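For reference, the chains in residue letters:
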Amino acid sequence: MIGYLSLAAITVAIYIGVHVAIALAGVSLFGVWAITGKIKLAMNFVALAATDSIADYTFGVVPLFVLMGLTVSETGLGRDTFAVIATRLQQWRGGLGVATVLSNAVFAAITGVSIASAAVFSKVAVPEMIRAGTARSVAVGVVAGSSVLGMLIPPSLLLILFAILTDTSVGDLFIGGIGPGLLLTFAYIGYLSFLGYFRPDLFTLPSDMPSGDEVPTHAIFPVVGLAGLVLSGIYMGFFTPTEAGAVGAAAALIIGFAMRRIGTRAAWRISVQTGHITAAVCFLIIGASIYSRMLAFSGVPASITQIALNSGIGPTEFLLLFAALLIILGTVLDSSSIMLVTVPLAFPITQQMGVDTVHFGLITVLAVEIGLLTPPLGLSVFVVQSSLRELGVTLGEVFSGAAPFALIMAATLVALVYIPQIATGLLGR
C-alpha cells in the first residue's frame, strides 16, 4: 500500500513542478521511513543507494559523451556535414530535407543528444531550405523530426540511462540501436522523396546553392572519422563504451584545436557546460536509483508483475500498451523523467514475460522520443522555435510540420514491437 501511495505522490509532485530528482528521492525517503518506522534506517538506505548509483564505472560514459558532443557542436562540424551533403543533393527535389536527415544521422553518431541536433540544424539547415524555396513548415518540421535520431542512433544518452536503470550492457544497446535508427532514417527519406514527387509546390530547385567544388568533400572527413573511431572501437571490442567516450572526447578536442575552431576560452566553456549537464543527469540517476530500490523494498514491482501475468496479456500487447503510456506521458514530461518513473516498474514485468532487454530498451527510447514532437511539451519543437524566433516561426508551425514525422516514428515503433529482430538482429538473437 505504501509503495502504491508513493507512486501517486511522485506523480502529483512532478505535475505541480517539483524537480524530478527531488520528487523521486524525497518520496522514496518517506516511503522507506513509513515501511520501517525508523528515520535513521531510511536515511542510511537513501545514502547507500545514492552512493552506489554514481560509483558505477558505467556512469563515467555520461560526462565523456557529453563532452564529445558539445565539442563537436562548438567546432561547427554539423554545419560542414550539412554543407557537403546538401551540395551533392541539390538537384533532388526535396534534397535539402534529405540532406538534413542524413546530416542529423551522421551528427547523431557523435552527439547522442536530440536537443543538440535540433539547435544546430535549426540555425544551419532551415535558412538554407527556406532560401532554396522549401515551404517553411516543411523546413522546420524536417529539423524537429530528424533531431530525434540523436537519441536513437548510438551513442545515445537515453540508451546509457536505460542501461544504468536496468544494469544492461551499454554496448549491446548501442548495437541494437543501429537497426531502428537506420529504419527511421530511411523512412524519413522515403517520405520526403514522396513529398517532393507528389507535392513539388512545397519545393523549388535551388538556383544559387554553392557548387560541389565550393564545398569540398573532405570537409566531412573529421565528423565521419570521429564517428567511425568511436563506434568501430565499441563494436569491434577495442574498448568499452566508457573508454570510447574518453577516446571520442579527446579526439574531438584534438580536431577542434587542429582546425582552429576552438581555443582555450571555448574549451573552458565546453568543460563548464559538461559539468552542468553531468550534474543534472547525476541527480536524476541518484533519484531514480533511490526510487527503484524503495519500490523493490515495498514489493510494488512484484505485485504489478503478478497482476500483469494473471491478466493473461501477452508480451506484444504489453509492449504496445507500455509504448502508448510513454507517448501519452511524453506530452507533459521530458524524456529522462518518463524513463526514470516507468522503467523500474515495467522492466521486471518484461523479464517475467521473456522480452529481450535490448528490444524493450529500444521500444522505450523510441516511444519516449515521440514525445519530443507532440504538444504541449514537445521539447525539440520548442528548441527549434526558439532558435528561429527572429524568422517569425511559431510553435504551431513547427508542431504542424513535425506531425508527419511523429506519425512515421509511431509506425516505426509498431514495426519494432512486432519485429524484435530490427533491434536484436545484429546481436544474433
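Reading the values: rules and limits
- Residues numbered from 1 in each chain as written.
- Predicted model: local features only at pLDDT ≥ 70, side-chain atom pairs only at ≥ 80, totals over all residues.
- Heavy atoms only, no water.
- Helix = DSSP H or I, 4+ residues; strand = E, 2+ residues; numbered from the N terminus.
- Rg over C-alpha atoms; globule rule 2.2 N^0.38 Å.
- Buried < 20%, exposed > 50% of the residue type's maximum accessible area, 1.4 Å probe, protein only.
- Contact = heavy atoms within 4.5 Å.
- Areas by Shrake-Rupley, 256 points an atom, 1.4 Å probe, with all protein chains shown as cover.
- Lys, Arg positive; Asp, Glu negative; His and termini not counted.
- Charge placed at Lys NZ, Arg CZ, Asp CG, Glu CD.
- Salt bridge = Lys/Arg side-chain N within 4 Å of Asp/Glu carboxyl O.
- Phe/Tyr/Trp six-rings, centres within 6.5 Å; stacked < 30°, edge-to-face > 60°.
- pLDDT = per-residue confidence, 0-100.
- Axes fitted to C-alpha atoms, helices over the stretch in contact; angles between N-to-C directions.
- Parallel < 35°, antiparallel > 145°, perpendicular 65-115°, else oblique.
- Left-handed = near helix turned anticlockwise from the far one by under 90°.
- Nonpolar A, V, L, I, M, F, W, Y, C, P; charged D, E, K, R; others polar.
- Core = buried A, V, L, I, M, F, W, Y, C linked by side-chain atoms within 4.5 Å.
- Expected span 1.5 Å × (residues − 1).
- Patch = residues over 30% accessible without salt bridge, like charges linked within 9 Å, V, L, I, M, F, W, Y side chains within 5 Å.

### What about the overall build of the protein chain?
Stage number 1. Across its full length, the protein chain carries 21 helices and 0 strands.
Stage number 2. Expected size for 429 residues packed as a compact globule is a radius of gyration near 22 Å; at 22 Å, the protein chain falls within 12% of this value.
Stage number 3. Seen through its C-alpha atoms, the protein chain measures out along the principal axes to roughly 75 × 50 × 45 Å.
Stage number 4. Taken over 429 residues, the protein chain has a buried fraction of 54%.
Stage number 5. Relative to all contacts within the protein chain whose residues are 6 or more apart in sequence, the contacts with residues 24 or more apart total 80%.
Stage number 6. Here the protein chain has roughly 17200 Å² of accessible surface; of this, 68% comes from carbon and sulfur atoms.
Stage number 7. Taking the average place of the 16 positive charges on the side chains of the protein chain and the average place of its 18 negative ones, the gap between the two points comes to 8 Å.

### Brief notes about the pattern of salt bridges
Stage number 1. Tallying each qualifying case throughout the model produces 3 salt bridges.
Stage number 2. With a shortest N-O distance of 3.0 Å, glutamate 397 and arginine 136 are connected by a salt bridge. With glutamate 397 in helix H20 (residues 395-418) and arginine 136 in helix H8 (residues 136-147), this residue pair connects regions lying 261 residues apart in the sequence.

### Here's the deal with the packing of aromatic side chains
Stage number 1. If you walk through the whole model with that rule in mind, you get 10 aromatic pairs.
Stage number 2. Between the aromatic rings of phenylalanine 318 and phenylalanine 322, the centroid separation amounts to 6.2 Å while the plane-to-plane angle is 10°, which identifies the pairing as stacked. Here phenylalanine 318 pairs with phenylalanine 322, and both are found in helix H16 (residues 315-329), just 4 residues apart, close to one helical turn. Across the pair, exposure class does not vary: phenylalanine 318 and phenylalanine 322 are buried alike.

### Considering unusual backbone geometry
Stage number 1. In this structure, aspartate 167 takes a positive phi of about 55° despite not being glycine.
Stage number 2. Within the secondary structure layout, aspartate 167 lies in the loop between helix H10 (157-166) and helix H11 (170-198).
Stage number 3. A positive phi angle is found at arginine 260, which is not glycine, with a value near 60°.
Stage number 4. Relative to the helices and strands, arginine 260 resides in the loop between helix H13 (241-258) and helix H14 (264-298).

### Let's talk about the confidence of the model for the protein chain
The predicted coordinates of low-pLDDT regions are not to be read in fine detail.
Stage number 1. This prediction gives the protein chain a mean pLDDT of 82; 94% of its residues lie at or above 70.
Stage number 2. In the predicted structure, residues 206-213 sits below a pLDDT of 50 and forms 16 contacts with residues beyond four places in sequence or in another chain.

### Regarding the packing of helix H2 (residues 20-36) against H14
Stage number 1. Relative orientation of the contacting elements H2 and H14 amounts to 25°, with a least axis distance of 8 Å. Relative to H14, the element H2 is oriented roughly parallel. The element H2 and its partner H14 pack so that their crossing is left-handed. Every residue of H14 that contacts H2 at Val20, Ala21, Leu24, Ala25, Ser28, Val32, Ile35 and Thr36 is listed here: Phe283, Leu284, Gly287, Ala288, Ile290, Tyr291, Met294, Phe297 and Ser298.
Stage number 2. Residue composition of the contact of H2 with H14, grouped by class: 13 nonpolar, 4 polar and no charged.

### Topic: the environment of leucine 362
Stage number 1. Considering the arrangement of structural elements, one finds leucine 362 in helix H18 (residues 357-370).
Stage number 2. Residue leucine 362 is classed as buried on the basis of its relative accessible area, which comes to 0%.
Stage number 3. Residues leucine 362 and valine 148 lie 214 residues apart in sequence; the distance between their C-alpha atoms is 13 Å.
Stage number 4. When residues no more than four places from it in sequence are discounted, the contact partners of leucine 362 are Leu152, Leu159, Leu173, Gly176, Gly177, Pro180, Leu416 and Ala423.

### What about the nonpolar core?
Stage number 1. Ranked by size, the top nonpolar core spans 147 residues in total, and within it Leu184 and Tyr291 carry the most contacts.
Stage number 2. Of all the elements, H14 adds the most residues to this core, at 12 residues.
Stage number 3. Sequence-distant contacts of leucine 184, defined by excluding residues within four places in its chain, comprise Val148, Leu149, Leu152, Leu366, Ile408, Met409 and Thr412.

### Some thoughts on H13
Stage number 1. In a regular helix each residue adds 1.5 Å, so 18 residues correspond to 26 Å; H13 covers 25 Å between its end C-alpha atoms and thus fits that length.
Stage number 2. Within H13, burial applies to Pro241, Thr242, Ala244, Gly245, Gly248, Ala249, Ala251, Ala252, Ile255 and Gly256.
Stage number 3. Looking at the packing, one finds that the buried side of H13 touches helix H4 (61-75), H11 and helix H12 (221-235).

### So, a nonpolar patch on the surface
Stage number 1. Taken together, Val12, Ile16, Val18 and Ile22 make up a surface patch of nonpolar side chains, about 380 Å² in accessible area.
Stage number 2. Residue position: valine 12 is located in helix H1 (residues 2-15).

### Thoughts on H8
Stage number 1. Helix length check: H8, at 12 residues, gives a terminal C-alpha distance of 17 Å against a target of 16 Å (1.5 Å per residue), a fit within 8%.
Stage number 2. Within H8, 10 of the 12 residues are buried, leaving the element largely enclosed by the surrounding structure.
Stage number 3. All of the buried residues in H8 are Val138, Ala139, Val140, Gly141, Val142, Val143, Ala144, Gly145, Ser146 and Ser147.

### What about the side chain of threonine 412?
Stage number 1. Locating threonine 412 in the fold gives a position in helix H20.
Stage number 2. Ignoring anything within four residues of it in the chain, the contact list for threonine 412 reads Leu183, Leu184 and Leu366.

### Remarks on the side chain of aspartate 80
Stage number 1. Along the chain, the position of aspartate 80 falls in helix H5 (residues 77-88).
Stage number 2. Residue aspartate 80 is classed as buried on the basis of its relative accessible area, which comes to 12%.
Stage number 3. Contacts of aspartate 80, omitting those with residues within four sequence positions, involve Ala219, Met259 and Arg261.

### Examining the packing of H10 against helix H17 (residues 335-353)
Stage number 1. The contact between H10 and H17 brings their axes to 10 Å, and the two run at 35°. The element H10 and its partner H17 pack so that their crossing is right-handed. Seen from H10, the contacting residues are Leu158, Leu161, Phe162, Leu165 and Thr166; seen from H17, they are Ser335, Ser336, Met339, Leu340, Val343 and Phe347.
Stage number 2. When its residues are assigned to classes, the contact of H10 with H17 shows 8 nonpolar, 3 polar and no charged.

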